[in-house]
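Each chain, letter by letter, is given below.
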Amino acid sequence: MTENTKKGQNSRKTEIERQAKLRRERAAEKLRENLSRRKQQTRARRSGQADETDGLPAAKMDES
């Protein structure tokens, strides 16, 4: 193997590891957001307040 080939392989490996780390960090952030949202929903249900979730409703009402 030449020196350039080794450098190319090392830089590729480093890039793959960097991307994997970024994916893990994004996944961890999404999990934290989800946990926070679920805790907020649980607290709202216990105190009798309306559920103020973001997103689509679970089912559509009959619009005919």
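The structure contained in this document is the topic of the report that follows. (Residues numbered from 1 in each chain as written. Predicted model: local features only at pLDDT ≥ 70, side-chain atom pairs only at ≥ 80, totals over all residues. Heavy atoms only, no water.)

For the rest of this paragraph, the subject is the overall build of the protein chain. Looking only at helices and strands, the protein chain has 1 helix and 0 strands in total. Counting across all 64 residues of the protein chain, residues that qualify as buried make up 5%. As displayed, the protein chain offers around 6,500 Å² of accessible surface, 50% of which is attributable to carbon and sulfur atoms. (Helix = DSSP H or I, 4+ residues; strand = E, 2+ residues; numbered from the N terminus. Buried < 20%, exposed > 50% of the residue type's maximum accessible area, 1.4 Å probe, protein only. Areas by Shrake-Rupley, 256 points an atom, 1.4 Å probe, with all protein chains shown as cover.)

The next thing to look at is the pattern of salt bridges. As enumerated under the stated definition, the model contains 3 salt bridges in all. In this structure, Glu 15 and Arg 18 form a salt bridge, with 2.6 Å as the shortest nitrogen-oxygen distance. Placement of both Glu 15 and Arg 18 in helix α1 (residues 3-47) is noted, with a separation of 3 residues, approximately one turn of the helix. Arg 32 serves as the salt-bridge partner of Glu 29, at 2.9 Å between the closest nitrogen and oxygen. In this pair, Glu 29 and Arg 32 both sit in helix α1, 3 residues apart, roughly one turn of the helix. (Salt bridge = Lys/Arg side-chain N within 4 Å of Asp/Glu carboxyl O.)

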